[in-house]
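# Summary of the model geometry
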Amino acid sequence: MRPLDWAIPPGLKEAANPIASCRISGLMAKRCSHFKLIQKVSPNTNGCEECLKTGDRWVHLRMCLICGHVGCCDSSKGKHATKHFHATQHPVMRSIEPADDWGWCYVDELQFDVA
Ligand SMILES: [Zn+2]
Ligand SMILES: [Zn+2]
Ligand SMILES: [Zn+2]
């Protein structure tokens, strides 16, 4: 299964450390050093920034938690969220699908809860 499509493991719901707008599990805080990079961002665009430019379609949307870039998931043709990480080295993003409340660190490959 691709990491970006993981369901949230039940244990991660428990612990809560308020950092920026995110609730990060204790497990995550120990293993990921990138929370301090997280900013209070809102989405820069109303959809995947690159796909909007090219007229492409996306499957799910992910938002960079450092700069607010919106990109599409790895199930989408463009994979622009992952490309944004490689281009900018911004390692933490979250899903901005209405039903999703999880984030992801590309470097540590860890999932966390967001409020
Ligand atoms: Zn990390
Ligand atoms: Zn895209
Ligand atoms: Zn970014």
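Quick caveat: nothing in here was measured; it's all calculated off a predicted structure.

### With respect to the overall build of the chain
- For the chain, the helix and strand inventory stands at 3 helices and 7 strands.
- Secondary structure elements of the chain occur, N-terminal to C-terminal, as β-β-α-α-β-β-α-β-β-β.
- Looking at the chain as a whole, 35% of its 115 residues are labelled buried.
- For the chain, the proportion of contacts with a sequence separation of at least 24, taken over those separated by at least 6, is 48%.

### Remarks on the sheet that holds strand S5 (residues 92-95)
- The 5 strands lie next to each other as S4-S3-S5-S6-S7, forming an open sheet whose pairing is antiparallel. Edge positions in the sheet fall to strand S4 (70-72) and strand S7 (110-113), since each of these pairs with one other strand and no more. On average, each strand axis in the sheet is tilted by 35° relative to the strand beside it, whichever way the strands run.
- Pairing analysis gives 3 bridges linking strand S3 (residues 61-64) to S4, with the strands arranged antiparallel. The residue of S4 that forms the bridge with Met63 is Val70.
- Set on the sheet, helix H3 (residues 80-88) makes contact with S3, S4 and S5; between it and S4 the angle comes to about 120°.

### What to know about H3
- Looking only at H3, the buried set comprises His80, Ala81, His84 and Phe85. Buried residues of H3 fall within an arc of 150° about the axis and therefore sit on the same side. Those residues of H3 that are exposed and angled more than 90 degrees off the buried face are His86 and Ala87.
- Where H3 ends, the next residue or the one after it, Gln89, has phi of about 65°, a positive value.

### Section: the nonpolar core
- Cys48, Leu61, Met63, Leu65, Cys72, Val92 and Met93 are the most contacted members of the largest nonpolar core, which has 21 residues in total.
- Secondary structure elements with two or more residues in this core: S3, S4, S5, strand S6 (102-105) and S7.
- Among the elements that take part in this core, S3 stands out by supplying 3 residues, more than any other.
- Those residues in contact with Met93 that lie beyond four places of it in its chain are Arg62, Met63, Cys64, Leu65, Ala81, Gly103 and Trp104.

### Notes on the confidence of the model for the chain
- Counting all residues, the mean pLDDT for the chain is 83, and 73% of those residues have values of 70 or more.
- The model gives residues 1-21 a pLDDT under 50, and that stretch makes 36 contacts with residues more than four places away or in other chains.

### Brief notes about the environment of Leu110
- Positionally, Leu110 belongs in strand S7.
- Take Leu110: there are 21 C-beta atoms within 10 Å of it, and that puts it in the buried class.
- Between the C-alpha atoms of Leu110 and Arg31, which are 79 residues apart in sequence, the distance is 8.2 Å.

Conventions used here
Residues numbered from 1 in each chain as written. Chains lettered and ligands numbered in written order. Predicted model: local features only at pLDDT ≥ 70, side-chain atom pairs only at ≥ 80, totals over all residues. Helix = DSSP H or I, 4+ residues; strand = E, 2+ residues; numbered from the N terminus. Buried ≥ 20, exposed ≤ 12 C-beta atoms within 10 Å, placed from the backbone. Contact = placed C-beta atoms within 7 Å. Pairing = 2+ DSSP bridges. Axes fitted to C-alpha atoms, helices over the stretch in contact; angles between N-to-C directions. Arc of directions from axis to C-beta. Core = buried A, V, L, I, M, F, W, Y, C linked by C-beta atoms within 7 Å. pLDDT = per-residue confidence, 0-100.

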